[in-house]
Amino acid sequence: MTINHRPLGGPILTPLFLAFAVIALAGAVVVIERFVLGLGAVSNLNNGYPMGLWVVFDMVIGTAIGCGGFAMALVVYVMNRREYHPMMRPALLAGLFGYALGGFSIVVDLGRYMNMLNIFVPSLINPNSVLLEVALCVSVYVTVLAVEVSPAFLEGLGLGWLRKPLRKVMFIFIALGVLLPLMHQSSLGTLLTSLGYQLSPLWQTQTLPVIYLLTAIAMGLAIVMAKGALMAQGGTMEMGLLHRLAHLLRALLAVFLLIRFGDLIWRGALGLALAPEWKSFTFWLENGLFFAALAFIWPGARRSRHCPCRVLFSAISTLLGGAMLRLNSWLIGYTAAGADWRYYPSILELVVTLAVISFEVVAFLYLVKKFPVMPDFEHPTHA
């Protein structure tokens, strides 16, 4: 049995679509203002907090949520679980938006954004920079994702015959699609180790590269599971596939939590989580979300085998936990050295962040309705 892909169809200009489109347009106005009047006109960034909400949410969190294609590549091609192949296209498309808009947000966030092109000039780069490795990997990975998802657009445009020559070189892009996220997602954790004492011991650890990589894979699986659970509610997704994905997520979360709390105990830092302060609260909120995600799909919860709601709740908890981990380690757990620096996102920073999310939703809805992206489990082809 072969699962084909099909456009979802239906009207484009729905109330939900229009609402997100308005938010996206509002963000575009703020971005134009930023480039005309400068970074200080729209943000509260300062010398103590040079990386604010745009970098943390749109780039660090956004790319982790966009790891659905990476996670599914590990499952399909590395673990050889071919039954999940029909779920690759929507995962790759979501990943393309997550990474492309994350890269765009970096350009918006840079004070001298025109210097972004320097990373492609060998004489101007610093080969010892972790940020350079992240920037190059993300840039190349956006191209890789675009190539991997291109068959859907070729079919939708009536150019399906181009898939044959593309298929001959696709293995190269599949390999890069596994390698590049392994590099830059772990490097985002490595980058934080350079903060030293400015980052709370609750998050400052040499295991950060592993923690960031494991949670990125978990968030990638979670976004695929969330979409699958919504499809299962409508009867267009097999619960068996979701249940087996939940097995993988459960094992991954268990390994992550063992490493996370084992490291805290080994370093003697777990006691800081009991201190009566804001960082302790956000620490337990972060890990409480991960434990909740694990509980929803625990083997004893037999109802999860037949209830997509439990899978959906587990996926959402995983996404929120991963986002909270990144927010904690990049902003909340960070204390600037020197002057009494403070940072709170401005209203316009929030508008741009919401606009990035809204644009992803608008573009994703349009493309899945017009192009064969989503799997057609209702009308399989019997070979």
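Residues numbered from 1 in each chain as written. Predicted model: local features only at pLDDT ≥ 70, side-chain atom pairs only at ≥ 80, totals over all residues. Heavy atoms only, no water.

What am I meant to see in the overall build of the protein chain here?
Across its full length, the protein chain holds 11 helices and 2 strands. Counting from the amino terminus, the protein chain carries its helices and strands in the arrangement β-α-α-α-α-α-α-α-α-α-α-α-β. For 383 residues, the compact-globule estimate of 2.2 N^0.38 gives 21 Å, and the C-alpha radius of gyration of the protein chain, at 21 Å, lies within 12% of that figure. In terms of its C-alpha atoms, the protein chain occupies a principal-axis envelope of roughly 70 × 55 × 45 Å. The buried share among the 383 residues of the protein chain stands at 52%. Contacts spanning at least 24 positions in sequence make up 80% of the contacts within the protein chain whose residues lie at least 6 apart. (Helix = DSSP H or I, 4+ residues; strand = E, 2+ residues; numbered from the N terminus. Rg over C-alpha atoms; globule rule 2.2 N^0.38 Å. Buried < 20%, exposed > 50% of the residue type's maximum accessible area, 1.4 Å probe, protein only. Contact = heavy atoms within 4.5 Å.)

What's the story with a nonpolar patch on the surface in this structure? I'm lost.
A surface patch of nonpolar side chains, about 230 Å² in accessible area, is lined by Ile23, Leu354 and Ile357. Its place among the elements puts leucine 354 in helix α11 (residues 347–370). (Patch = residues over 30% accessible without salt bridge, like charges linked within 9 Å, V, L, I, M, F, W, Y side chains within 5 Å. Areas by Shrake-Rupley, 256 points an atom, 1.4 Å probe, with all protein chains shown as cover. Salt bridge = Lys/Arg side-chain N within 4 Å of Asp/Glu carboxyl O.)

What is the right way to look at helix α1 (residues 15–37) in this model?
Two residues of an α-helix separated by three or four positions point the same way, owing to the 3.6 residues in each turn. Its 23 residues give α1 an end-to-end C-alpha distance of 33 Å, which sits within 8% of 33 Å, the value for a rise of 1.5 Å per residue. For α1, the full list of buried residues reads Phe17, Ala21, Ala24, Gly27, Val30, Val31 and Arg34. Of the surrounding elements, those touching the buried residues of α1 are α4 (88–109) and α11. Remark: glycine 38 follows α1 within two positions and exhibits a positive phi of approximately 105°. (Expected span 1.5 Å × (residues − 1).)

I tried to follow the packing of aromatic side chains on my own but got confused; where do I start?
The relative placement of two aromatic rings is captured by the distance of their centres and the angle of their planes. Taken as a whole, this structure holds 13 aromatic pairs when the rule is applied. With a centroid separation of 5.6 Å and an interplanar angle of 50°, the aromatic rings of phenylalanine 296 and phenylalanine 313 are classed as tilted. With phenylalanine 296 in helix α9 (residues 278–296) and phenylalanine 313 in helix α10 (residues 308–332), the pair connects residues that are 17 residues apart, well separated along the chain. Its relative accessible area of 40% is what places phenylalanine 313 among the partly exposed residues. Arginine 326 extends its terminal NZ or CZ atom over the ring of tyrosine 212, reaching a point 4.6 Å from the ring centre. (Phe/Tyr/Trp six-rings, centres within 6.5 Å; stacked < 30°, edge-to-face > 60°. Lys NZ or Arg CZ within 6 Å of the ring centre and 35° of its normal.)

Help me out: how do you make sense of the layout of surface pockets in this one?
One simple way to see leftover space: roll a probe sized like a water molecule over the atoms. In this structure, the largest pocket encloses a volume near 1,200 Å³. Lining the largest pocket are 36 residues, with Ile65, Ile223, Lys227, Leu319 and Val361 sitting closest to its centre. Elements supplying a minimum of two residues to the lining of the largest pocket: α1, α2 (53–65), α4, α7 (208–233), α10, α11 and β2 (374–381). Tallying contributions element by element places α11 first for the lining of the largest pocket, with 8 residues. (1 Å grid on protein atoms, 1.4 Å probe; cavity = no way out; pocket = protein on both sides within 12 Å on 5 of 7 lines; lining within 4 Å. Points joined across faces, edges and corners; volume = space filled by probe spheres on them.)

Can you help me understand empty space enclosed by the protein in this one?
Evaluated as defined, the whole model comprises 3 cavities of 30 Å³ or more. In this structure, the largest cavity is lined by 10 residues; those nearest its centre are Met87, Pro90, Val224, Lys227 and Gly228. Elements with a contribution of two residues or more to the lining of the largest cavity: α4, α7 and β2. Looking at the lining of the largest cavity, the element that brings in the most residues is α7, giving 4 residues. Its residues assigned to classes, the lining of the largest cavity comprises 8 nonpolar, 1 polar and 1 charged. (Nonpolar A, V, L, I, M, F, W, Y, C, P; charged D, E, K, R; others polar.)

Sorry if this is basic, but what is going on with the pattern of salt bridges here?
A pair can form between side chains of opposite charge whenever their charged atoms are brought close. Enumeration over the complete set of coordinates arrives at 7 salt bridges. Here glutamate 286 ties to arginine 260 by a salt bridge, and the two come within 3.5 Å at their closest N and O atoms. Here arginine 260 lies in helix α8 (residues 239–267) and glutamate 286 lies in helix α9, a separation of 26 residues in the sequence. Glutamate 286 sits in the buried class, given a relative accessible area of 0%. For arginine 260, a relative accessible area of 1% gives the class buried. A salt bridge links aspartate 340 to arginine 342; the nearest nitrogen and oxygen atoms lie 2.7 Å apart.

Sorry if this is basic, but what is going on with α11 here?
Taking 1.5 Å as the rise per residue, α11 with 24 residues should run 34 Å; its terminal C-alpha atoms sit 34 Å apart, in good agreement. Of all the positions in α11, only Glu349, Val352, Thr353, Ala355, Val356, Ser358, Val362, Ala363, Phe364, Leu367, Val368 and Lys369 are classed as buried.

Would you take a moment to explain the environment of alanine 254 for this structure?
By secondary structure assignment, the location of alanine 254 is in helix α8. C-alpha separation for the pair alanine 254 and tryptophan 266, spaced 12 residues apart in sequence, amounts to 18 Å.

How should the state of the cysteines be read in this particular structure?
Each disulfide is one covalent bond, formed between the sulfur atoms of two cysteines. Scanning the entire structure with this criterion turns up 0 disulfides. With no disulfide of its own, cysteine 67 lies 12 Å from the sulfur of cysteine 137, the closest cysteine sulfur. (Disulfide = S-S within 2.5 Å.)

Explanation requested: the side chain of arginine 326 in the structure shown.
Its place among the elements puts arginine 326 in helix α10. Lacking a salt bridge, the buried arginine 326 has glutamate 286 as its closest oppositely charged neighbour, with an N-O distance of 8.2 Å. Arginine 326 has contacts with Val56, Val60, Ile61, Ala64, Gln185, Tyr212, Thr215, Ala216 and Met219, leaving out every residue within four places of it along the chain. (Lys, Arg positive; Asp, Glu negative; His and termini not counted.)

Hey, could you run me through the environment of alanine 222 in this one?
With respect to the helices and strands, alanine 222 occurs in helix α7. Considered as a pair, alanine 222 and isoleucine 316 are 94 residues apart in the sequence and their alpha carbons are 7.1 Å apart. Look past the residues within four positions of alanine 222 in its chain and what remains in contact with it is Ala315, Thr318 and Leu319.

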